[in-house]
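So the chains spell out like this:
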Amino acid sequence: MVASITLKNVWKSYGKFDIVKDFNIEIPDRSFCILVGPSGCGKTTTLRMIAGLEEVSKGDIYIGDQRVNDVSPKNRDIAMVFQSYALYPHMTVYDNMAFGLKLRGFSKKEIRQRVTEAADVLGISHLLDRQPKQLSGGQRQRVAVGRAIVRKPKVFLFDEPLSNLDAKLRGQMRAELKRMHEKLQTTMVYVTHDQTEAMTMGDKICVMKEGIIQHIGEPIELYDEPANKFVAEFIGSPSMNFFEVEVIKRSSAIFLNEGAFEFALPEKFERTVAPYIDKKATLGMRSEDIYDKLFYDGNRNTADMASFNAAVEVVEPLGSEKYLHLNTGKNEVVARVNSHNQAKTGQVIELIFDISKSHLFDSKTGEKIF
């Protein structure tokens, strides 16, 4: 039973407003694909088009080899889990999970087997006789997922199912859903605005902005090699640091000048950056690639290192590490440092960073230069 999902040149428009624009993606069978982006970017609309709850304005949607544009939701062999649990309050957990199967005419034996299996996968076997009002938020969400599992669909669709849970429960449920995917080996498409959920759960991530795909790839690819400034800023916590710089040619080298600091680019970047000489660009650095020089371990090639001074404005201890919020006089920057770092508020410290791990973006378009 192949359950790959393909969207080809899919548009969704309401009158003159295009909500999803020329959307193209191939989601392999048994993969866990995340649609992520800020509120209003079209990710839930895209999910609803896959489910058949929204009509496609233009383009084609395939589940396996079947074009499903004109196939009703109930005949697409999908199960959807919504943000709201939508449980029947007067029914037990067992009856909530069994209800859809009863409507489809399954035998009592088959229903019991499916509900028991699903409850076991989700660890809610001991809750089958309870009613929703007797359950915690996390338990209710498990029941909602269980109601989808019992149908044994080709595809699971999740629309921000964890957004109503507190931080600890969200973490637990992320792990539960990932374990569930590994057990069931079914195609899953999951919508969220939380990049942490996307990075920790998905094996394929699609970043969206204003109805347009920005980058599709594996989590580590999006983190290490973002396609543009939007993806670089959206993926990662804390967000990537950005510095407005001027690209300068001096003698035989190309320099990036921020105002408070300046450094020469390694030769390998020169050809790529040459078209931007005497223009502005945006330099990006991850917080973990910036080091307090006093605590630098010195195990990296110093030829690829540059430095600048910045004033410490806030020290944020997080147990295993600290975030230093600093200011160069022109740009704000966050450095992720060792928990034993002694930097104090108001202190000016020298920071060093690995040039080879930095990113450069076009200041106008946001497209990646290197």
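An account of the accompanying structure is given in this report. Source: prediction; values computed, not measured. (Residues numbered from 1 in each chain as written. Predicted model: local features only at pLDDT ≥ 70, side-chain atom pairs only at ≥ 80, totals over all residues. Heavy atoms only, no water.)

### Observations concerning the layout of surface pockets
Of the voids in this model, the largest pocket is the one considered here, and its volume is about 520 Å³. Met80, Phe82, Arg104, Arg147 and Arg151 are the residues nearest the centre of the largest pocket, which is lined by 22 residues in total. Going through the elements one at a time, β6 (78–81), α2 (93–103) and α4 (137–149) are the ones with two or more residues in the lining of the largest pocket. (1 Å grid on protein atoms, 1.4 Å probe; cavity = no way out; pocket = protein on both sides within 12 Å on 5 of 7 lines; lining within 4 Å. Points joined across faces, edges and corners; volume = space filled by probe spheres on them. Helix = DSSP H or I, 4+ residues; strand = E, 2+ residues; numbered from the N terminus.)

### Examining the sheet that holds strand β15 (residues 290–292)
Taken in spatial order, the 5 strands line up as β15-β19-β16-β17-β18 in an open sheet, and their pairing is antiparallel. At either end of the open sheet lies a strand with only one pairing partner, and these are β15 and β18 (332–338). Each strand axis lies, on average, 50 degrees off the axis of its neighbour in the sheet, ignoring direction. Here strand β16 (residues 305–317) pairs with strand β17 (residues 321–327) via 6 bridges, running antiparallel. Each residue of the ladder has a partner; that of Ala311, found in β17, is Asn327. (Pairing = 2+ DSSP bridges. Axes fitted to C-alpha atoms, helices over the stretch in contact; angles between N-to-C directions.)

### Points about helix α1 (residues 43–51)
Among the 9 residues that make up α1, 7 are buried, leaving the element largely enclosed by the rest of the structure. Within the span of α1, buried status applies to Lys43, Thr45, Thr46, Leu47, Met49, Ile50 and Ala51. Positive backbone phi, approximately 90 degrees, marks Gly52, located one or two places after α1. (Buried < 20%, exposed > 50% of the residue type's maximum accessible area, 1.4 Å probe, protein only.)

### Description of the packing of α4 against helix α5 (residues 167–184)
Interhelical geometry of α4 versus α5 gives an angle of 20 degrees and a closest axis separation of 11 Å. With respect to each other, α4 and α5 are oriented roughly parallel. Considering only the axes of α4 and α5, their crossing is right-handed. Along the contact surface, α4 presents Gly138, Gln141, Arg142, Val145 and Ile149, while α5 presents Leu169, Met173, Glu176, Leu177, Met180 and Leu184. Looking at the contact of α4 with α5 residue by residue, the classes come out as 7 nonpolar, 2 polar and 2 charged. (Parallel < 35°, antiparallel > 145°, perpendicular 65-115°, else oblique. Left-handed = near helix turned anticlockwise from the far one by under 90°. Contact = heavy atoms within 4.5 Å. Nonpolar A, V, L, I, M, F, W, Y, C, P; charged D, E, K, R; others polar.)

### Notes on the sheet that holds strand β5 (residues 66–67)
Read from one edge of the open sheet, 4 strands run β2-β1-β4-β5, paired in antiparallel fashion. Both outer strands of the open sheet, β2 (17–27) and β5, are each paired with one neighbouring strand and no more. Pairing analysis gives 7 bridges linking strand β1 (residues 5–14) to β2, with the strands arranged antiparallel. When the sheet's bridge partners are listed, Ser13 is paired in β2 with Asp18. Each of β1, β2 and β4 (58–63) is contacted by α1, which is oriented at about 115 degrees to β1, the strand it contacts most.

### Brief notes about helix α3 (residues 108–122)
In this model α3 runs 21 Å from its N-terminal to its C-terminal C-alpha over 15 residues, within 8% of the 21 Å that 1.5 Å per residue would give. Of the residues making up α3, those classed as buried are Ile111, Arg114, Val115, Ala118, Ala119, Val121 and Leu122. When α3 is viewed along its axis, its buried side chains cluster within an angular range of 160 degrees and face the same direction. Exposed and oriented more than 90 degrees from the buried face of α3 are Lys109, Arg112 and Asp120. Buried residues along α3 sit in contact with α2, α4 and α5. (Expected span 1.5 Å × (residues − 1). Arc of directions from axis to C-beta.)

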